[in-house]
Amino acid sequence: MISPLRPRIAVSACLLGEAVRYDGTNKAHHVVTEVLAPHVEWVPVCPEVEAGFGVPRPAIEVVSEDPVRVARVADGEDVTEKLRGAASNLASRLNELGADGQIVKARSPSCGLSDAPRALSGGTGPGLYVGVLLGALPDLPIVDEAGLDDPARLRRFLEAVVSRARQRMSCDVSALDWLAQVLGAE
Ligand code: SF4
């Protein structure tokens, strides 16, 4: 029986299988589409589509830090303010919805958690969307693709998410029972 406890999780839409990437492809991840899908309520988000960049669209990259700025790879046009506005809108929407967590695509200039490449320095850091989200909703549990593939990280993320969902839904279903249903008995 499916539990009445359904955490509300925002997810980079490409990980759900939506063809929203710059090149018109998706990056469906089996943990999202098969393991978690029956047990959660998804809130798909794509900051670059939200910004009106379209699909397909020119690829962008992070070109500077503090504050993060992003520009089109092909012609260097700075698109930071459009993307920052979209990221702020999404953060407000997630706050209003009472999202319990967020799953993000790795290595994206928008959605990367800590591994979005910096074009000039060769380093890495958060993508622009994640940076805005961390500032607006600092307590929101976030995990990226690498975390989905790491059982310990995935479990920690889901523990935080289900704790928030139980409070939001005033639901007395045991967190341990929900986790066992999703991840299997350990
Ligand atoms: S990584 Fe983020 S911005 Fe890029 S396609 Fe996926 S959801 Fe959209």
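Everything numeric here is computed off the predicted structure, so don't read it as measured data.

Explanation requested: the environment of Leu36 in the structure shown.
Inspection of the secondary structure puts Leu36 in helix 1 (residues 30–36). With relative accessibility at 0%, the residue Leu36 sits in the buried group. If sequence neighbours within four positions are ignored, Leu36 has contacts with Val31, Trp42, Ile103, Leu158 and Val182.

Would you mind going over the site of the ligand with me for this structure?
In the neighbourhood of the ligand, 14 residues make up the surrounding shell, with Cys14, Val45, Cys46, Lys105 and Cys111 lying closest. Across the shell around the ligand, the residue classes break down as 7 nonpolar, 3 polar and 4 charged.

Would you take a moment to explain the packing of helix 6 (residues 151–169) against helix 7 (residues 175–183) for this structure?
In contact at an axis separation of 10 Å, helix 6 and helix 7 are set at 135° when each is read in the N-to-C sense. Considering their axes alone, helix 6 and helix 7 lie oblique with respect to each other. Between helix 6 and helix 7 lies a crossing of right-handed hand. Each of Leu154, Arg155, Leu158, Glu159, Val162 and Arg166 in helix 6 lies in contact with helix 7, whose residues at this interface are Ala175, Leu176, Trp178, Leu179, Val182 and Leu183. Along the lines of polarity and charge, the residues of the contact of helix 6 with helix 7 split into 9 nonpolar, no polar and 3 charged.

Help me out: how do you make sense of helix 3 (residues 80–97) in this one?
In an α-helix, one full turn covers 3.6 residues, which means residues spaced three or four apart are oriented alike. When the terminal C-alpha atoms of helix 3 are compared, their 26 Å separation across 18 residues agrees well with the 26 Å that a helix rising 1.5 Å per residue should span. When helix 3 is considered as a whole, its buried residues turn out to be Thr80, Leu83, Ala86, Ala87, Leu90, Ala91 and Leu94. Looking straight down helix 3, one finds its buried side chains confined to an arc of 140°; they lie on one side. Helix 3 presents Lys82, Asn95 and Glu96 as exposed residues on the side facing more than 90 degrees away from its buried surface. Backbone geometry just downstream of helix 3 places Gly98 in the positive-phi region, at approximately 70°.

Looking at this model, I keep getting lost on the environment of Asn26. Mind explaining?
Topologically, Asn26 is positioned in the loop between strand 1 (8–12) and helix 1. Relative accessible area serves as the criterion here: at 33%, Asn26 is assigned to the partly exposed category. Expressed as a C-alpha distance, the spacing of Asn26 and Cys14, which sit 12 residues apart in the sequence, is 4.7 Å. In this structure Asn26 touches Cys14, Gly17, Glu18, Ala19 and Arg21, once residues within four positions along its chain are discounted. Of the polar contacts made by the side chain of Asn26, one reaches the backbone nitrogen of Ala28; its length is 2.8 Å.

How should I be thinking about the pairing of strand 4 (residues 69–72) in this particular structure?
Where a strand is regular, its side chains alternate between the two sheet faces. With 4 bridges joining them, strand 3 (residues 60–64) and strand 4 adopt antiparallel strand pairing. Paired with Val62 across the bridge in strand 4 is Val70.

Could you clarify how one ought to interpret the nonpolar core in this entry?
A general trend in soluble globular proteins is that nonpolar side chains are found buried together. With 28 residues, the main nonpolar core has Val70, Leu83, Leu94, Leu128, Tyr129 and Leu133 as its most contacted residues. Elements with a minimum of two residues in this core: strand 2 (41–45), strand 3, helix 3 and helix 4 (128–136). Among the elements that line this core, the one with the most residues is helix 3, at 6 residues. Residues contacting Leu94, with those up to four places away along its chain left out, are Ala10, Val43, Val45, Ala99, Gln102, Tyr129, Leu133 and Leu137. With 23 residues, the next largest nonpolar core counts Ile9, Leu36, Leu154 and Trp178 among its residues.

Each value, and the rule that gives it
Residues numbered from 1 in each chain as written. Predicted model: local features only at pLDDT ≥ 70, side-chain atom pairs only at ≥ 80, totals over all residues. Heavy atoms only, no water. Helix = DSSP H or I, 4+ residues; strand = E, 2+ residues; numbered from the N terminus. Buried < 20%, exposed > 50% of the residue type's maximum accessible area, 1.4 Å probe, protein only. Contact = heavy atoms within 4.5 Å. Near = heavy atom within 4 Å. Nonpolar A, V, L, I, M, F, W, Y, C, P; charged D, E, K, R; others polar. Axes fitted to C-alpha atoms, helices over the stretch in contact; angles between N-to-C directions. Parallel < 35°, antiparallel > 145°, perpendicular 65-115°, else oblique. Left-handed = near helix turned anticlockwise from the far one by under 90°. Expected span 1.5 Å × (residues − 1). Arc of directions from axis to C-beta. Polar contact = N/O pair within 3.5 Å; in protein donor to acceptor, adjacent residues only side chain to side chain. Pairing = 2+ DSSP bridges. Core = buried A, V, L, I, M, F, W, Y, C linked by side-chain atoms within 4.5 Å.

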